[in-house]
Amino acid sequence: MTREYRTQELAEAAGIPVRTLRFYRERKLLPPPRREGRIAWYDDQHLARLRTIAALLERGHTLGGIAELTAAFEKGRDVGQLGELLGIGWTDETPVRLSPEALADYFEGEVTPENLAAALDLGYLAPDGEEIVHVSRRLLDVSSALVREGVPLAAVLETGRRVREHADTLAALFTELISAHIGEEAVGRLRPLAKHVVEAELTMAMDRLHQSRHPGPPRTPQPPQASQPPQTPSS
């Protein structure tokens, strides 16, 4: 059951002064509370938003940037515009809309403000009204599968950040190759070819790495068996 908070209670739960809470409301960083006469009632989604804001501020984001992102989604921008805001660009990935509770079910016990801020930083997640958009069904499924296997979500996200750096380098490599020999207009059309090359090379690289770390025992040549003398039939 969703808990509701008065203004003072919400501020205390979030660890901020009431004036800061009101400032966030004025900047439209929080959705409007439910009104009951003159009393404003907030709920757990407001508390989660405040914790996200705090985590983003700790990572160096400005209130202006947070407000721009929040306003964009509350105006109903589509996922393509979401990608532009988060620096993702056009993508073939299938986005997923989740409630905060559904996101918590994917990563039970791992949806901390720090991990949420890291996912927002990477562009994996973005708030959209009362929901959360994950920009890639495949990344969501892989991330949750790794967490279920016992990998901490913080480590998954850090690895995602490092993979992003290598992916940017690969994207630039293929874009330059195609642009130089065919033309920049062919980049989108030939992008699947680059994807196949990367998948094949990654698979073979992981095989080589596994073999180098787990070499099989050397095969010992077997000496030829000595011929057996013929058996004399017993009388």
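Parameters and conventions
Residues numbered from 1 in each chain as written. Predicted model: local features only at pLDDT ≥ 70, side-chain atom pairs only at ≥ 80, totals over all residues. Heavy atoms only, no water. Helix = DSSP H or I, 4+ residues; strand = E, 2+ residues; numbered from the N terminus. Buried < 20%, exposed > 50% of the residue type's maximum accessible area, 1.4 Å probe, protein only. Contact = heavy atoms within 4.5 Å. Areas by Shrake-Rupley, 256 points an atom, 1.4 Å probe, with all protein chains shown as cover. Core = buried A, V, L, I, M, F, W, Y, C linked by side-chain atoms within 4.5 Å. Phe/Tyr/Trp six-rings, centres within 6.5 Å; stacked < 30°, edge-to-face > 60°. Axes fitted to C-alpha atoms, helices over the stretch in contact; angles between N-to-C directions. Parallel < 35°, antiparallel > 145°, perpendicular 65-115°, else oblique. Left-handed = near helix turned anticlockwise from the far one by under 90°. Expected span 1.5 Å × (residues − 1). Nonpolar A, V, L, I, M, F, W, Y, C, P; charged D, E, K, R; others polar. Pairing = 2+ DSSP bridges. Arc of directions from axis to C-beta. Polar contact = N/O pair within 3.5 Å; in protein donor to acceptor, adjacent residues only side chain to side chain. Patch = residues over 30% accessible without salt bridge, like charges linked within 9 Å, V, L, I, M, F, W, Y side chains within 5 Å. Salt bridge = Lys/Arg side-chain N within 4 Å of Asp/Glu carboxyl O.

**Description of the overall build of the chain**
Broken down by element type, the chain carries ten helices and six strands. Taking all 235 residues of the chain together, 29% fall into the buried category. At a minimum sequence separation of 6, the contacts of the chain that also span at least 24 residues come to 64%. If you sum the accessible surface of the chain, you get close to 16300 Å²; carbon and sulfur atoms cover 54% of it.

**Things to note about the nonpolar core**
Ranked by internal contacts, the top residues of the largest apolar core, which has 36 residues, are L10, Y24, L29, L103, L125 and L157. Each residue touching L10, except ones within four places of it in the same chain, is listed here: Y5, L21, Y42, D43, H46, L47 and L50.

**Considerations on the packing of aromatic side chains**
Think of a pair of aromatic rings as described by two things: how far the centres are apart, and how the planes are tilted against each other in angle. Applying the stated criterion to the full structure yields two aromatic pairs. Look at F23 and Y24: their rings are 6.3 Å apart centre to centre, the planes differ by 50 degrees, and that puts the pair in the tilted class. Overall, the relative accessible area of 8% leaves Y24 in the buried class.

**Looking at the packing of helix α7 (residues 113-122) against helix α9 (residues 153-181)**
Where α7 contacts α9, the two axes come as close as 10 Å, and the packing angle between them is 15 degrees. Judged by the inter-axis angle, α7 sits roughly parallel to α9. In the crossing of α7 with α9, the sense of the turn from one axis to the other is left-handed. Only L153, A154, L157, G160, R161 and R164 of α9 make contact with α7, whose side of the interface consists of N115, A118, A119 and L122.

**Let's talk about helix α10 (residues 187-213)**
One turn of the α-helix equals 3.6 residues, which is why residues spaced by three or four share an orientation. Taking 1.5 Å as the rise per residue, α10 with 27 residues should run 39 Å; its terminal C-alpha atoms sit 37 Å apart, in good agreement. All of the buried residues along α10 are V187, L190 and A194. Close packing links the buried residues of α10 with α9.

**Here we look at the packing of helix α3 (residues 44-58) against α7**
Close contact between α3 and α7 brings their axes to 8 Å; oriented N to C, the two are set at 70 degrees. Overall, the two elements α3 and α7 adopt an arrangement that is roughly perpendicular. In the crossing of α3 with α7, the sense of the turn from one axis to the other is right-handed. In this structure, α3 contributes R51, T52, A55 and L56 to the contact, and α7 contributes P113, E114, L116, A117 and L120. For the contact of α3 with α7, the residue count by class is six nonpolar, one polar and two charged.

**Thoughts on the pairing of strand β3 (residues 39-43)**
A large share of β3 lies buried, amounting to four of its five residues. Pairing analysis gives two bridges linking strand β1 (residues 4-5) to β3, with the strands arranged antiparallel. Counterpart to Y5 in the pairing with β3 is Y42. Looking at chain direction, strand β2 (residues 34-36) and β3 are connected through three bridges and run antiparallel. When the bridges of β3 are listed, R35 appears paired with A40.

**A closer look at helix α8 (residues 137-148)**
Given a rise of 1.5 Å per residue, twelve residues ought to cover 16 Å, and the 16 Å separating the end C-alpha atoms of α8 matches this to within 8%. Every buried residue of α8 is listed here: L140, S143, S144 and V147. Angularly, the buried residues of α8 cover 95 degrees about the axis, an arc narrow enough to put them on a single face. Packed against the buried residues of α8 are β4 (96-98), α6 (100-106), β6 (131-134) and α9. Between the side-chain oxygen at the start of α8 and the backbone nitrogen of R138 there is a gap of 3.4 Å, and the oxygen is on S136. Where α8 ends, the next residue or the one after it, G150, has phi of about 115 degrees, a positive value.

**A look at a nonpolar patch on the surface**
A cluster of nonpolar side chains, namely V142, L146 and V151, defines an oily patch on the protein surface of about 210 Å² accessible area. Here V142 is to be found in helix α8. Since its relative accessible area comes to 49%, V142 is described here as partly exposed.

**Quick word on unusual backbone geometry**
With a phi close to 65 degrees, K28 is a non-glycine residue in the positive phi region. Positionally, K28 belongs in the loop between α2 (18-26) and β2.

Just distances and angles here, no functional claims.
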